[in-house]
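# Structural characterization, general
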Amino acid sequence: MQNANFSNEFNREYRRSLEKAASDDIQEKIIETLLFCCALISVLTTFGIVFIIFRVTFDFFQEVSFAQFFLDTKWTPLFAEKHFGIWPLINGTLMTTVIAMLVAIPLGLCSAIYLAEYASPKVAAILRPAVELLGGVPTVVYGYFALLFVTPVLRSFLPLEIFNALSAGLMMGIMISPTVGSISLDAIQSVPRSLREGAYAIGVTKLETIFKVVLPAALSGIAASIILGISRAVGETMTVLIAAGQEPRISLNPFQSVETMTAYMAQISGGDSPRGSVNYNTLYAVGAVLFLITLGLNIVSHWISNRYKEKYD
Amino acid sequence: MSSSISRNKSQEPQGEFSANVEQRETTGKIFELIFLLGLSIGLVVLAVLVFDVFKDGLGRLLSPGFLTETPSRFPDRGGIRPAIFGSMLLGGLVMLISVPIGVGAALYLEEYAPKAWWTDIIEINVSNLAGVPSIVYGLLGLGVFNYLLNFGPALLSGALTLSLLSLPVIIVTAREAIRAVPDSLRQASYGLGTTKWQTVWNHVLPYAIPGILTGVIISVSRAIGDAASLIVVGAVSFLTFNPGLFQRFMALPIQIYTYITRPEPGFANAAAASIIVLLLLILVLNGTAIYLRQRFSTFK
């Protein structure tokens with residue numbers, strides 16, 4: 001009696017668990033689909049960026065010719081006499097980027113080399129996050145510091161304008177140095193010990209090992225980090241908007257005020273050009289150029305680091 | 001690489017060989033100092049920056065009403081309450097939106113995705129998105145949320161834009177955390193007859209949480225500090241009320257930018273005071289996350 005009861009119970013349980021497995025299967029499918037949709041959002045984001053930027057840019061080029069955009073040397077879309085030459089903005093971007101990289105490359109590489117080769121693990125565990133803190137400070141803060149601290153200090157001995165490419169570039173370099181540093185650090189750390197030990201075995205000093213063995217071996221990673229740093233400098237907005245000024249000009253003088261592509265975009269967004277006007281559409285045209293430049297740099301950076309990545313694995 | 005080393009070495013012994021070890025070691029010491037100096041410059045700048053900001057802003061920060069009042073036309077009156085509210089709302093929304101989506105995408109790519117050309121495309125896509133400048137995300141937000149979905153320049157548009165901005169970083173770091181979960185854990189779970197999702201939810205995710213949290217903190221504090229995309233989306237520089245979801249909004253970085261650009265002298269101090277608040281907010285965020293990470297990793 002009790003036995004039969006038990007087997008009935010068992011059958012029921014068994015059937016229930018089978019049904020549960022089937023519904024689990026549907027549940028699993030639903031979950032997988034949901035997760036897939038999450039991943040899809042990143043693709044949609046890219047489509048969104050490309051579609052929105054290039055649709056308006058297309059409108060822009062209906063009214064302004066490529067020649068006006070790429071051959072003119074004046075950028076005055078907001079003046080009565082309009083010029084749409086992108087070069088002054090590219091000039092400003094290039095200048096602040098070059099100054100930033102002149103700071104970021106040596107600082108980034110020095111910290112990477114010190115952390116990887118000299119610092120004891122304990123010291124490195126403190127110093128690495130400390131250095132990376134630099135990249136976590138909001139960029140508007142660097143703008144404040146560039147305009148209200150660095151510029152006055154530099155002006156005491158250099159003929160600087162109040163807004164200038166130099167201060168903005170210097171601060172941007174400090175900000176970007178952890179980007180260069182941490183990727184270079186990974187590259188240096190992935191150089192196998194055996195290479196270093198080989199060098200030491202033939203009586204080479206530590207410094208010579210670093211310069212002649214470790215750095216050449218890590219070169220691809222270092223190059224990738226530098227290109228990524230350049231891309232960040234090109235796309236950085238707040239520091240240059242606050243400290244470099246808004247005067248589009250073609251010049252190589254870092255003491256003068258310049259305007260970068262990003263600063264122009266922020267300026268026109270804050271202004272009151274009506275949507276759909278040519279003035280307003282310049283926002284998207286400049287955005288398209290900025291997007292293409294940074295996209296190109298990012299692709300090159302990935303390409304370099306992927307190409308040489310598995311050399312020692 | 002090894003061939004270039006041996007070439008260098010074979011070119012060297014031209015003259016008389018002299019070891020000269022002492023001089024070489026001295027050069028080594030000098031360079032060690034140079035490397036250390038290079039590392040310290042950034043930290044010194046950071047220290048000077050923090051000191052300068054506190055020196056300029058502390059007095060204004062402690063002046064009555066700075067945290068609790070709405071902005072004023074006068075540099076030494078009024079406060080930044082709407083900006084604080086705006087930033088906290090933005091930060092909260094970004095977490096609510098981008099963490100589930102980011103972790104979901106990471107789980108899909110690591111645990112479910114088949115090896116196919118289109119999963120490669122998603123991967124390349126994510127890493128490229130991580131390098132898109134914030135101001136370009138602003139254009140995306142302006143086009144999609146302001147105009148296409150018709151939210152206008154509202155807080156929600158800003159929050160969604162910042163969420164898209166922080167997604168790639170969350171996806172990338174979450175993937176690394178998930179990839180670091182040992183396979184034996186999954187096998188053991190499957191051995192008990194669990195389904196894929198049960199394994200992921202009960203074993204893979206809890207194990208990966210400390211790593212995921214790191215990515216979340218990095219990206220959310222970047223989102224809170226970001227101003228460029230919000231300027232494009234249409235954050236305002238002056239509000240007399242706490243922003244709501246569908247209202248115009250301001251945020252701390254925008255408030256700081258506005259204060260910096262005002263010519264009257266006292267506004268620089270107000271900017272510095274707001275910077276202190278922003279930095280503290282980010283610090284609190286990071287502190288919480290570090291605490292959670294510690295907790296979860298000891299729990300494990």
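Structural notes, computed from the coordinates. (Residues numbered from 1 in each chain as written. Chains lettered and ligands numbered in written order. Predicted model: local features only at pLDDT ≥ 70, side-chain atom pairs only at ≥ 80, totals over all residues. Heavy atoms only, no water.)

Along the backbone of chain A there are twelve helices and zero strands. The linear arrangement of helices and strands in chain A, starting from the amino end, is α-α-α-α-α-α-α-α-α-α-α-α. For 313 residues, the compact-globule estimate of 2.2 N^0.38 gives 20 Å, and chain A exceeds it by more than 25% at 28 Å. Oriented by its inertia axes, the alpha-carbon framework of chain A measures out at about 105 × 70 × 35 Å. For chain A, the proportion of its 313 residues judged to be buried stands at 51%. Accessible surface, chain A as shown: approximately 14,900 Å² in total, 65% of it carbon and sulfur. Side chains of chain A give 21 positive and 23 negative charges; the mean places of these two sets differ by 5 Å. (Helix = DSSP H or I, 4+ residues; strand = E, 2+ residues; numbered from the N terminus. Rg over C-alpha atoms; globule rule 2.2 N^0.38 Å. Buried < 20%, exposed > 50% of the residue type's maximum accessible area, 1.4 Å probe, protein only. Areas by Shrake-Rupley, 256 points an atom, 1.4 Å probe, with all protein chains shown as cover. Lys, Arg positive; Asp, Glu negative; His and termini not counted. Charge placed at Lys NZ, Arg CZ, Asp CG, Glu CD.)

With that settled, the discussion passes to helix α3 (residues 81-112) of chain B. Spanning 32 residues, α3(B) covers 45 Å between terminal C-alpha atoms, matching the ideal 46 Å at 1.5 Å per step. Of all bends in α3(B), the biggest is about 30°, found at B:S98, and the proline B:P100 comes one to four residues later. (Expected span 1.5 Å × (residues − 1). Bend = angle between axes of the 7 residues up to and from the residue.)

For the rest of this paragraph, the subject is the side chain of B:S166. Residue and element names in this part refer to chain B. Here S166 lies in helix α6 (residues 155-179). Take S166: its relative accessible area is 2%, and that puts it in the buried class. Ignoring any residue separated from it by four or fewer positions in sequence, one finds S166 in contact with V94, S98, S219 and A223. (Contact = heavy atoms within 4.5 Å.)

Before going further, it helps to examine the environment of B:L46. Residue placement: B:L46 occurs in helix α2 (residues 21-62). In this structure, B:L46 is in contact with A:L133, A:L134 and A:V137, ignoring residues within four places of it in sequence.

Attention shifts here to the interface of chain A and chain B. In this assembly, 77 residues from chain A lie in contact with 73 residues from chain B. Taking both sides of the interface into account, the surface hidden between chain A and chain B amounts to around 6,600 Å²; carbon and sulfur atoms contribute 77%. The tally of links between chain A and chain B comes to one salt bridge. As a salt-bridge pair, A:E208 and B:R24 come within 2.8 Å of each other at their nearest N and O atoms. Summed over the shared surface of chain A and chain B, the number is eight residue pairs in polar contact (both at pLDDT 80 or more). Looking at which element gives the most residues to the side of chain A that touches chain B, the answer is helix α1 (residues 2-63) of chain A, with 17 residues. (Buried area = accessible area lost by both parts, 1.4 Å probe. Salt bridge = Lys/Arg side-chain N within 4 Å of Asp/Glu carboxyl O. Polar contact = N/O pair within 3.5 Å; in protein donor to acceptor, adjacent residues only side chain to side chain.)

Once that is clear, we can look at the environment of B:T27. Residue position: B:T27 is located in helix α2. Within the structure, the side chain of B:T27 is placed 2.8 Å from the backbone oxygen of B:Q23, a separation counted as a polar contact.

This part takes up the packing of aromatic side chains. Taken as a whole and assessed by the stated rule, the structure comprises 22 aromatic pairs over all chains. Summarising the aromatic geometry, the rings of A:F36 and B:W118 are spaced 5.7 Å apart at their centres and angled 85° between planes, so their arrangement reads as edge-to-face. Pair noted here: A:F36 is in helix α1 and B:W118 is in helix α4 (residues 117-129), and the two residues belong to different chains. A residue is classified by how much of its surface remains accessible, and A:F36, at 24% relative accessible area, is partly exposed. Residue classification places B:W118 among the partly exposed residues on the basis of a relative accessible area of 30%. These aromatic residues form a ring-pair network of at least three members: A:F60, A:F61, A:F66, A:F69, A:F70, A:W75, A:F84 and A:Y264. (Phe/Tyr/Trp six-rings, centres within 6.5 Å; stacked < 30°, edge-to-face > 60°.)

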